[in-house]
Amino acid sequence: MDVKDKMEFPGQVHETPDGGFILSKLDDIINWARSNSLWPLAFGTSCCAIEMMQTVNAKYDWSRFGFEVMRATPRQADLIIVSGTITMKMAPVLKRLYDQMPDPKYVIAMGACTISGGPFFYNTYSVVKGIDHIIPVDVFIPGCPPRPEALLHSMITLQEKIKHETYFKKETK
Amino acid sequence: MTTEELKQVMTDLLPSSTFDETGEFLNVIIPSEELLPVMKTLRNREDLFFDYLFCLTCVDWKDHLMMVYFLNSRTHNHTIVIKAKITDTINPQIESLFSIWPTAELNEDEVFDLFGVKFLNHPNLRRLFLEEDWVGYPLRKNYEDEHMIEL
């Protein structure tokens, strides 16, 4: 997917001599707006968090893709990027943070530890073997840690997922 | 003091102590019952004056547990390693060093948490990292639980 396709407005713009009008679906407009204004929670538990901070900063700058500011409270966040090992002791905290986020909320599992426990899969007493045991995950991104490009790709994938959600369209049975 | 001088001092202090000089520092292995009087001497004697306990840990050798104490003197700039052998692995216990070096408090909490060594006369012996209701001591060789996948 090309980055420049991302900002394309979902609908047709009809020009008229004294202005113009737009024809679109409400679902598409809402999802377009929502997906380009995702606020992640500032949450990092290990070395993946260092890579995530790098993605925030000037060189990669995820604000270009509509992720904007990181929030320090789950009550203002739309998205939690679980970046790093989750231990048994951290698991209840992660669950509580997820429960405190307002709907609709999304989860990205960043790195090998959050997918399966990664290097801590065998012979460990303290590491949760995959955060999908605790909270539902929208996008898994492998790597140890993933590169910033990979994280950006996972977030753009999440935006694609959001764009296909429906609020007003009746479900056809 | 040099390693040789420290070795002489330890032999005079406790004839039953054995030595191991393979590491960077002089390793002295003593029985766990002798720990407190030996440590008190090492801390207080003018020419030894080990005022800094910079590492406290434990090793599980399956048939016994070995407490390891790294001591340093900031005035004399010499270092020694005291190892105390605990033969009872079912109910291991040893004297706490909190009365000599207060820094031992949290280190001993950690050893209690992960190895289950009970420290006598410790001011607040509790689990430091794991939850209070955790069953077992994870760094013991015979530890197992239902989450653990053996390789």
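Quantities reported herein were computed from a predicted structural model and do not represent experimental measurements.

**Observations concerning the packing of helix 1 (residues 26-35) of chain A against helix 5 (residues 148-163) of chain A**
All names here are of chain A.
For step 1, the next point in the chain: Two numbers describe how helix 1 lies on helix 5: the axes approach to 8 Å, and their chain directions differ by 160°. Our classification of the angle between helix 1 and helix 5 gives roughly antiparallel. Both helix 1 and helix 5 take part in a crossing whose hand is right-handed. Facing helix 1, whose interface residues are Asn31, Trp32, Arg34 and Ser35, helix 5 presents Gln159, Ile162 and Lys163.

**Points about the environment of Leu71 of chain B**
Residues and elements named next belong to chain B.
For step 1, the next point in the chain: By the secondary structure assignment, Leu71 is in strand 4 (residues 65-72).
For step 2, the next point in the chain: Given 23 C-beta atoms within 10 Å, Leu71 falls into the buried group.
For step 3, the next point in the chain: As a C-alpha pair, Leu71 and Leu56 span 15 residues in sequence and 9.1 Å in three-dimensional space.
For step 4, the next point in the chain: Setting aside its immediate chain neighbours within four residues, Leu71 contacts Leu42, Phe50, Tyr52, Leu53, Thr79, Ile80 and Ile82.

**Notes on the confidence of the model for chain B**
For step 1, the next point in the chain: Within chain B, residue pLDDT values average 91, and 100% of them lie at 70 or more.
For step 2, the next point in the chain: ipTM for the predicted complex: 0.74, alongside a pTM of 0.81.

**Let's talk about the sheet that holds strand 5 (residues 79-86) of chain B**
Residues and elements named next belong to chain B.
For step 1, the next point in the chain: One open sheet accounts for 5 strands, arranged 1-2-5-4-3; its pairing is mixed. Strands with a single pairing partner mark the edges of an open sheet, and in this sheet they are strand 1 (18-20) and strand 3 (52-60). Looking at each pair of strands side by side, their axes are set apart by 25° on average, direction ignored.
For step 2, the next point in the chain: Sheet topology note: the strand 1/strand 2 (residues 26-31) ladder contains 3 bridges and is antiparallel. Bridge pairing in strand 2 links Phe19 to Val28.
For step 3, the next point in the chain: Sitting on the sheet, helix 1 (residues 3-13) touches strand 1, strand 2 and strand 5, and the angle it makes with strand 2 is about 10°.
For step 4, the next point in the chain: Against the sheet, helix 3 (residues 104-115) engages strand 3 and strand 4, with an angle of about 10° to strand 3.

Basis of the calculations
- Residues numbered from 1 in each chain as written.
- Chains lettered and ligands numbered in written order.
- Predicted model: local features only at pLDDT ≥ 70, side-chain atom pairs only at ≥ 80, totals over all residues.
- Axes fitted to C-alpha atoms, helices over the stretch in contact; angles between N-to-C directions.
- Helix = DSSP H or I, 4+ residues; strand = E, 2+ residues; numbered from the N terminus.
- Parallel < 35°, antiparallel > 145°, perpendicular 65-115°, else oblique.
- Left-handed = near helix turned anticlockwise from the far one by under 90°.
- Contact = placed C-beta atoms within 7 Å.
- Buried ≥ 20, exposed ≤ 12 C-beta atoms within 10 Å, placed from the backbone.
- pLDDT = per-residue confidence, 0-100.
- Pairing = 2+ DSSP bridges.

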